[in-house]
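Structural overview
One-letter residues, chain by chain:
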Amino acid sequence: MTPEVKKRIEQIRQGIVPEGYKKGKIGIVPIKWNEVPFSTLFTSTSEYTDDLEQYPLYSLTIEDGITAKTERYERSHLVKKENSYKVVRPNDYAYNPMNIRFGAVARHKGDIPVAVSGYYDIFTTVHESDLVFMDSFLTYGPMITYYNKVSTGSLVEKQRVHFSDFLEFSLALPPLEERKKIAEILSTQDKAIELQGRKIEELKRFKKGCLEKMFPRKGQKVPEKRFPGFTGDWEQRKAKDLCSISTGKSNTQDRVDDGIYPFYVRSPIVEHSNRYLFDEEAVLTVGDGVGTGKVFHYVNGKYDLHQRVYRMFDFSEEITAKYFYYYFSNHFYDRVMAMTAKTSVDSVRYEMIADMDIALPKVKEQMAISAYFDRLDHLITLHQRKYDKLQVLKKAMLEKMFPKNSSGVPEIRFKGFTDAWEQRKLGEVVERIT
């Protein structure tokens, strides 16, 4: 950073307007900047459809962006009105007015047009070269903070940022050429993250294939693949005959902020508690909520459970807890989904666990199978850690490549760029879809 830029930053921090700048409603900005009316840069209509065969139904999630709806959460059969969905074409953005406060805005990176909820707003950038830049800019930390600051609504849980307000935001943006340079770096990092994510998904698919082949299929007494030296038919036992089954005792209010023991709640979130503690090795499954039917293995130390988390413990000599976990986790979730699909309630009941059939080889073979999947899980964990580190690195890059305050200059820049970033209406860099 040149001495001139440092001096200008310090002046702005002190409230002094440097030469060539002016005070406006959004702070100190270059004197040559003029606001351009949103109406001259945008169209105001959206493309609706009810043809879910031509436009498959997708959703907008904070974690995965624009992604295909899962069978469990596909509720199109409940929609009665025609043209209730909006079409999102490749490189369009979808925006959720209520959840943008948590980062619910993303670009459709697929190759085909899809349908999303009619509640979402759809838009795209004026400059195609801005796509990668905006992917990161619209969801980085300071933007999330700003969304929360300007959201409106009498109830906190229902506060939202209306799209008309969203398009009136004043944002600090570098010149287009500098945005292109930033996009190149971010694109390289995104590619590394994508490749690492693919490795993880490939390992998970490989593990799923192994689970299917190393446990007997329905009606079979032996699996398709088996370790050398093991012979003989596997037996069938009910889960209730192999372990004790109970739920936790705590409710959400029983957790304490300074608790030191894990508290497994109704979604796969671990909080902390000091009450109603257990210390047996156990297999856990969530009874209802976000993680319904998901299975976890808990081994070391004390823990607390919500009333709607089931635990399987006190295993008989016929089965190891780790083998029960791998077999149960491979079969139970699909069982839950099949049963709850027939009802209006997505929840686990005691009998769904107790009456589940468990295919049972001898203990030595159980231990060999468990050790194999343990190694696979360890490999997946190592790749996940690398993936997480790449995400952290990208976040650090974003923090240094975007201004953190009203100085108008980021911490690091490409050579040849020295001007302060200008303030622009978002409406000048994005365009609604007709």
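None of these values were measured; they are calculated from a predicted model.

Details of helix H3 (residues 141–150)
Restricting attention to buried positions, one finds in H3 the residues Met143, Ile144 and Tyr147. Along the axis of H3, the buried positions cluster into a sector of 100 degrees, meaning they face one direction only. Those residues of H3 that are exposed and angled more than 90 degrees off the buried face are Thr145 and Lys149.

Structural notes on the side chain of Thr49
Its location among the elements puts Thr49 in strand S3 (residues 48–49). Exposure remark for Thr49: the relative accessible area of 6% places this residue in the buried category.

Some details on the sheet that holds strand S9 (residues 114–117)
Read from one edge to the other, the open sheet built from three strands follows the order S3-S6-S9, with strand pairing classed as antiparallel. Pairing within the sheet leaves two strands with one partner each, and these edge strands are S3 and S9. Sheet topology note: the S3/strand S6 (residues 85–88) ladder contains two bridges and is antiparallel. Within S6, the residue paired with Thr49 across the bridge is Tyr85.

Brief notes about the nonpolar core
Among the nonpolar cores identified, the biggest contains 36 residues, and Met312, Phe324, Phe328, Phe332 and Ile358 are the most heavily contacted of them. Only helix H5 (176–214), strand S19 (309–313), helix H6 (321–340), helix H7 (350–354), strand S20 (357–360) and helix H8 (363–401) provide two or more residues apiece to this core. Top element by residues in this core is H6. It accounts for ten residues. Not counting the four nearest positions on each side in its chain, Ile358 is found in contact with Glu235, Gln236, Arg237, Ala239, Leu242, Ile319, Phe324, Tyr327 and Phe328. Phe137, Tyr140, Phe163 and Ile182 belong to the second largest nonpolar core, which has 25 residues in total.

Let's talk about the environment of Asp346
With respect to the secondary-structure elements, Asp346 resides in the loop between H6 and H7. Since its relative accessible area comes to 22%, Asp346 is described here as partly exposed. Considering only alpha carbons, one finds Asp346 and Gly293, 53 residues apart in sequence, at a separation of 9.2 Å.

Some words on the confidence of the model for the protein
A residue-level look at the protein finds 79% of positions with pLDDT of 70 or above and a mean pLDDT of 80. Note that residues 33–42 has pLDDT below 50 and, in this model, 24 contacts with residues that lie over four places away or in other chains.

A closer look at unusual backbone geometry
You will see that Asn91, though not glycine, has its phi angle at about 75 degrees, which is positive. Along the polypeptide, Asn91 turns up in the loop between S6 and strand S7 (93–95). When its relative accessible area of 26% is taken as the criterion, Asn91 is described as partly exposed. A positive phi angle, close to 50 degrees, is found at Tyr276, a residue other than glycine. Its location among the elements puts Tyr276 in the loop between strand S15 (270–273) and strand S16 (282–286). Residue classification places Tyr276 among the partly exposed positions, given a relative accessible area of 36%.

Let's talk about the pattern of salt bridges
Tallied over the entire structure, the rule returns 17 salt bridges. For Asp190, the salt bridge is made with Lys394, and the minimal N-O distance between the two is 2.7 Å. With Asp190 in helix H5 and Lys394 in helix H8, this residue pair connects regions lying 204 residues apart in the sequence. In terms of burial, Asp190 and Lys394 fall into one category: buried.

Cut-offs and rules
Residues numbered from 1 in each chain as written. Predicted model: local features only at pLDDT ≥ 70, side-chain atom pairs only at ≥ 80, totals over all residues. Heavy atoms only, no water. Buried < 20%, exposed > 50% of the residue type's maximum accessible area, 1.4 Å probe, protein only. Helix = DSSP H or I, 4+ residues; strand = E, 2+ residues; numbered from the N terminus. Arc of directions from axis to C-beta. Pairing = 2+ DSSP bridges. Core = buried A, V, L, I, M, F, W, Y, C linked by side-chain atoms within 4.5 Å. Contact = heavy atoms within 4.5 Å. pLDDT = per-residue confidence, 0-100. Salt bridge = Lys/Arg side-chain N within 4 Å of Asp/Glu carboxyl O.

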